[in-house]
Amino acid sequence: CDRVEAQGNMDAFLENPQDWAYQKMEEKKNPNKMKKDYANANMAPQQIILSTAWACVVVVFAYDLVTGVADGRYGKAEGNDLFHGNLWTLPF
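Source: prediction; values computed, not measured.

So, how was this worked out
Per chain, the residues get numbers from 1 upward, laid out in the order the sequence is written. Totals for whole chains, interfaces and linings use all residues, but because this is a predicted model, local features are given only for residues with pLDDT of at least 70 and pairs of side-chain atoms are given and counted only at 80 or more. Note that the side-chain values use all heavy atoms of the structure and ignore hydrogens as well as water. A cavity, in this analysis, means grid points on a 1 Å lattice covering only the protein atoms where a 1.4 Å probe fits yet has no way out; a pocket is instead an open set bounded by protein on both sides within 12 Å along at least five of seven lines, and a residue lines either one if it has an atom within 4 Å of a point. Grid points are joined across faces, edges and corners, and a volume is the space filled by probe spheres set on the points. Helix and strand definitions follow DSSP, with helices as H or I runs of at least four residues and strands as E runs of at least two, each counted in order from the N terminus. When a carboxyl oxygen of Asp or Glu is within 4 Å of a side-chain nitrogen of Lys or Arg, the pair counts as a salt bridge. Exposure classes here rest on a 1.4 Å probe applied to the protein chains alone. A residue is buried below 20% of its type maximum, exposed above 50%, and partly exposed in between.

Asks: Any chance you could break down the layout of surface pockets for me, citing the residues and the numbers?
Replies: Here the largest pocket is characterised by a volume of approximately 380 Å³. Forming the walls of the largest pocket are 16 residues, and the residues nearest its centre are Gly8, Ala12, Glu15, Tyr38 and Ala41. Looking at the lining of the largest pocket, the elements that each hand over two or more residues are α1 (3-15) and α2 (17-29). A total of six residues in the lining of the largest pocket trace back to one element, the largest contributor, which is α1.

Asks: Provide a residue-level description of the pattern of salt bridges, including the pertinent values.
Replies: Counted by the stated rule, this structure contains four salt bridges. When the shortest N-O distance is used, the salt bridge between Glu5 and Lys35 registers 3.0 Å. Highlighted residues: Glu5 in helix α1 and Lys35 in the loop between α2 and α3 (45-71), separated in sequence by 30 residues. Take Lys35: its relative accessible area is 48%, and that puts it in the partly exposed class.

Quick look at the structure:
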């Protein structure tokens, strides 16, 4: 087992240990069955582009949220904002 396969196995294990263990037990029971390739999972170009696009959307919204809270655009109350005022005076 090379480093890439080991890393793929660890990623799959940390994501869902029960399913990973079940898959490994099935592979041991029936060695002729096709082995799951965790090393190259989700490496299709379409999947990489989609994941990158979603990551960009999340980063943009997170940036807007952080800068909006810092500027007082979200949760403004009596001149206080979330970073410089009293949390309990915010109108939630």
